[in-house]
Amino acid sequence: MATKKAVLFNLWGVVVSPRPAEVFLKFEETLKLPSGFLKKVVTDKHSAMERAERGKLTLSQMIPELDAECVSAASDQKVSLPAGFSVKSLLEELRDSTTVNKHILQTVATLRRKGLLTGVLANQWVDDSGSGDSSGRLLSLLGGHFDVVLQSCRTGLRVPETDLFTSALTQLGVPPKQALWLGDDEEGVGAAEAVGMTAVLVKDLPEALKQVETFTGVQNVMVIFSDLKVKLHYVEMGTGPPVMLCHGFPESWYSWRYQIPALADAGFRVLSLDMKGYGESTAPPDIEEYSQEQICQGIPQVTLVGHDWGGAVVWNMARCHPERVRAVASLNTPLFPVDPSKDPMDFLKTVPIFDYQLYFQDPGVAETEMEKDLARTFKIFFHGSGDKDNVPEINTAGVCARGGLFVGLPNEIPRSSILSETALQFYITQFKDKGFRGPLNWYRNVVSNWKWLCSRPRAKLLMPALMVTAGKDPVLLPVFSKGMENVIPNLTRGHIEECGHWTQMERPSELNTILISWLKDTHNNTGVAMTPKL
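Being a predicted model, the structure only gives us computed values, none of them experimental.

**Concerning the packing of aromatic side chains**
1) Next: Using the criterion set out here, one finds 30 aromatic pairs in the structure.
2) Next: When the centroid spacing of 5.7 Å and the interplanar angle of 85 degrees are considered together, the rings of Trp253 and Phe426 count as edge-to-face. Of this pair, Trp253 sits in the loop between strand E9 (242-246) and helix H12 (260-265) while Phe426 is found in helix H20 (residues 421-431), placing the two residues 173 residues apart along the sequence.
3) Next: Its guanidinium or amino end placed over the ring of Phe215, Lys5 lies 4.9 Å from that ring's centre, counting from NZ or CZ.

Below, the structure written as structure tokens:
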């Protein structure tokens, strides 16, 4: 049996940022202290911080002793400390500025999925302050992502001591030659190499992860850097099993604003994307950049929830990359069958309500219409099923014949009850610079998407799945989802009768109930731990 490999990460400077040394330097600059003054005090082998990191002092015990050490050092070096000086504010700044590197968590998820073991070595003290919950949340998050988390305050050993590396490898059952270390300082790299490990000094993360790929043999360990030309922006909230939300046309991560906090409170780590071409994500001009094959390349292993075009993405991920889909849910968008014998453009011509998609094919035409008055555009698009008497409804049939999607609608459009003024202004801000070129390019890959899907093996989708239909959606009709159970044996259904196309905005409470119930059932049935907010 082949020996497993392991990758160990330093907590500071790799898994979380900033490095303490960076915070110390900023603190010195603010207080006009000599550069390196604090670093020299805290790195003394007998300093209060070093003793706290070995578990000999708690945070509340460390602060007054460290204050005294700074006063003593200042006296020896003829340095003037400001009145009321205390390292307490420094440590609070370190705590409040600490952020977890989500790219590393993506990397770890990929490595573990491929059977590798992972660990974190952390120089930390016991936080017995009133704000100790932040430390607890961090440990909970790390414990859910890594196989081993070794804290110096629990082991009595610190990075870069070789015994700490040896202890981690012993717990993982991995020999040094099968292990890789990612650290941000040369001392740690030297210690890892001294015990026989391969070590990488992390200065540039994408470059460091290429070395991880070389050592482990696992490709695309971090999807955000698998193509450096593409950046996907997302908003994140919560801890627990990851759930990625994929919006449709013409939307934003903000379209999930009612679901993000609800799912986070239910115990999930929610990641709401700006899809390619939208918001703060990369928006290349070329049509082929928006094919489903290209779009699906940037999504890691998660539970996927999509709406509209986002629904198409999550179903195509389930079809073509099932190994990266923990579970899949779609709002309004059904799993459309792929027929190799039927040209997809001819199919669109047979369904009158899909005529708008034919109108979208010529680059520049629909862009001009939609970008002319962004406020009017979004007032037209975002209307609820109960607004028919007040807000004119788009007719998606006959668009090509009448020469535009908005032709025949009044110039002054009232704002729907589902679209607040704040939301309207947000969407305007998101589209005013990049416009509609990227979003509309999604529609211009009908044939390439069809060819790609036809080239892929066709099999049943065996992961847990959810299909939520809306009774008043004028385009994605519930009847289109008929027969999905034939190819998705683990399909759960949800239906909201009095709801139009914009399900997340129009019926957030009903939708959240459906989603949370399904997500909890899905993850509990497979023993995946959730972390509900207390």
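**Topic: the pattern of salt bridges**
1) Next: Tallying each qualifying case throughout the model produces 17 salt bridges.
2) Next: Put simply, Arg51 and Glu69 hold a salt bridge, and the shortest N to O gap is 3.4 Å. Within this pair, whereas Arg51 is found in helix H3 (residues 48-53), its partner Glu69 is found in helix H4 (residues 59-77), the two being separated by 18 residues in sequence.
3) Next: Accessibility expressed as a relative area gives 25% for Arg51, which makes it partly exposed.
4) Next: The partner of Glu236 in a salt bridge is Arg269, with the nearest N and O atoms 2.5 Å apart.

**Side note on helix H24 (residues 508-524)**
1) Next: For H24, built from 17 residues, the straight-helix expectation of 24 Å at 1.5 Å per residue is met to within 8% by its first-to-last C-alpha distance of 23 Å.
2) Next: Listed as buried for H24 are Leu511, Asn512, Ile514, Leu515, Ile516, Trp518, Leu519, Thr522 and His523.

**So, the nonpolar core**
1) Next: Counting 99 residues, the largest nonpolar core has Phe249, Phe360, Met370 and Leu405 as the members making the most contacts within it.
2) Next: With eight residues, helix H14 (residues 309-320) is the single largest residue contributor to this core.
3) Next: Non-local contacts of Leu405, meaning those with residues more than four positions away in its chain, are made with Tyr356, Tyr359, Phe360, Glu369, Met370, Phe381, Ile394, Asn395, Thr396 and Val399.

**Digging into the side chain of His145**
1) Next: Its place among the elements puts His145 in helix H7 (residues 132-145).
2) Next: For His145, a relative accessible area of 13% translates into the label buried.
3) Next: Discounting residues that sit within four places of it in the chain, His145 has contacts with Leu105, Val108, Arg112, Thr118 and Arg269.

**Some details on the environment of Gly144**
1) Next: Take Gly144: it is sitting in helix H7.
2) Next: Each C-alpha atom of the pair Gly144 and Gly240 lies 7.4 Å from the other, and the pair is 96 residues apart in sequence.

**What to know about the environment of Phe215**
1) Next: Along the chain, Phe215 falls in helix H11 (residues 205-216).
2) Next: Distance in space between the C-alpha atoms of Phe215 and Thr198 is 8.5 Å, their sequence separation being 17 residues.
3) Next: Excluding residues within four positions of it along the chain, Phe215 makes contact with Lys5, Ala6, Lys177, Gln178, Ala179, Leu180 and Thr198.

**A few points about the sheet that holds strand E4 (residues 117-122)**
1) Next: Ordered by their spatial adjacency, five strands build an open sheet running E5-E4-E1-E6-E7, and the pairing between neighbours is parallel. Sheet topology places strand E5 (148-151) and strand E7 (198-201) at the edges, where each strand pairs with a single neighbour. With strand direction ignored, the average angle separating the axes of adjacent strands in the sheet is 20 degrees.
2) Next: Pairing between E4 and E5: four bridges, direction parallel. Each bridged residue has a counterpart across the sheet, and for Val120 the counterpart in E5 is Val149.
3) Next: Each of strand E1 (6-10), E4, E5 and strand E6 (179-183) is contacted by helix H9 (residues 162-172), which is oriented at about 150 degrees to E5, the strand it contacts most.
4) Next: Running at roughly 175 degrees to E6, H11 makes contact with E1, E6 and E7 of the sheet.

**Describing the environment of Asn524**
1) Next: Along the chain, the position of Asn524 falls in helix H24.
2) Next: Put simply, Asn524 and Phe165 are 359 residues apart on the chain and 34 Å apart in space, counted from C-alpha to C-alpha.

**Section: the sheet that holds strand E11 (residues 302-307)**
1) Next: Pairing is mixed in the open sheet, where seven strands are placed in the order E8-E10-E9-E11-E12-E13-E14. A strand with exactly one partner marks an edge of an open sheet, and here the two such strands are strand E8 (234-237) and strand E14 (491-496). For this sheet, the mean inter-axis angle between neighbouring strands, taken without regard to orientation, is 15 degrees.

**Quick look at unusual backbone geometry**
1) Next: For the bond running from Ser17 to Pro18, omega is 0 degrees, close enough to zero to count as cis.
2) Next: Along the chain, Pro18 falls in the loop between strand E2 (16-17) and helix H1 (20-31).
3) Next: Omega for the bond connecting Val159 with Pro160 falls within 30 degrees of zero, at 20 degrees, which places this linkage in the cis form.
4) Next: Structurally, Pro160 is set in the loop between helix H8 (152-155) and H9.
5) Next: Even without glycine at this site, Asp308 takes up a positive phi of about 60 degrees.
6) Next: Structurally, Asp308 can be placed in the loop between E11 and H14.
7) Next: Look at Asp308 and you get buried, because its relative accessible area is 12%.

**Things to note about the pairing of E4**
Consecutive residues of a regular strand have side chains that alternate between opposite faces of the sheet.
1) Next: Of all six residues in E4, six are buried; the element is thus mostly enclosed.
2) Next: Alternating positions in E4 separate into two faces, Leu117, Gly119 and Leu121 on one and Thr118, Val120 and Ala122 on the other, with burial throughout.

**A word on helix H10 (residues 186-194)**
1) Next: Those residues of H10 lying buried are Gly188, Val189, Ala191 and Ala192. Each buried residue of H10 lies within a common arc of 165 degrees when the element is viewed along its axis, so the set occupies one face. Seen from the buried face of H10, the exposed residues on the opposite side, beyond 90 degrees, are Glu186, Glu187 and Ala194.
2) Next: Sitting at the head of H10, Asp185 places a side-chain oxygen 3.1 Å from the backbone nitrogen of Glu187.
3) Next: Two residues or fewer past H10, Gly196 is found with a positive phi of approximately 105 degrees.

**What about the confidence of the model for the protein chain?**
1) Next: Taken over all residues, the pLDDT of the protein chain has a mean of 91, while the share at 70 or more is 94%.
2) Next: Across residues 223-228, confidence stays below pLDDT 50; counting only partners more than four residues off in sequence or on other chains, it has 12 contacts.
3) Next: Contacts from residues 527-534, a stretch scored under 50 in pLDDT, to residues over four places away or in other chains number 18 contacts.

**As for the packing of H14 against helix H22 (residues 446-455)**
1) Next: Packing of H14 against H22 leaves a shortest axis separation of 11 Å and a crossing angle of 25 degrees. Taken together, H14 and H22 sit at an angle that is classed as roughly parallel. Crossing angle aside, the handedness with which H14 passes H22 is left-handed. Residues Trp309, Asn316, Arg319 and Cys320 of H14 form the contact with H22, whose participating residues are Asn449, Trp452 and Leu453.
2) Next: Grouping the constituent residues of the contact of H14 with H22 by class yields four nonpolar, two polar and one charged.

What counts, and where the lines are drawn
Residues numbered from 1 in each chain as written. Predicted model: local features only at pLDDT ≥ 70, side-chain atom pairs only at ≥ 80, totals over all residues. Heavy atoms only, no water. Phe/Tyr/Trp six-rings, centres within 6.5 Å; stacked < 30°, edge-to-face > 60°. Helix = DSSP H or I, 4+ residues; strand = E, 2+ residues; numbered from the N terminus. Lys NZ or Arg CZ within 6 Å of the ring centre and 35° of its normal. Salt bridge = Lys/Arg side-chain N within 4 Å of Asp/Glu carboxyl O. Buried < 20%, exposed > 50% of the residue type's maximum accessible area, 1.4 Å probe, protein only. Expected span 1.5 Å × (residues − 1). Core = buried A, V, L, I, M, F, W, Y, C linked by side-chain atoms within 4.5 Å. Contact = heavy atoms within 4.5 Å. Pairing = 2+ DSSP bridges. Axes fitted to C-alpha atoms, helices over the stretch in contact; angles between N-to-C directions. Arc of directions from axis to C-beta. Polar contact = N/O pair within 3.5 Å; in protein donor to acceptor, adjacent residues only side chain to side chain. pLDDT = per-residue confidence, 0-100. Parallel < 35°, antiparallel > 145°, perpendicular 65-115°, else oblique. Left-handed = near helix turned anticlockwise from the far one by under 90°. Nonpolar A, V, L, I, M, F, W, Y, C, P; charged D, E, K, R; others polar.

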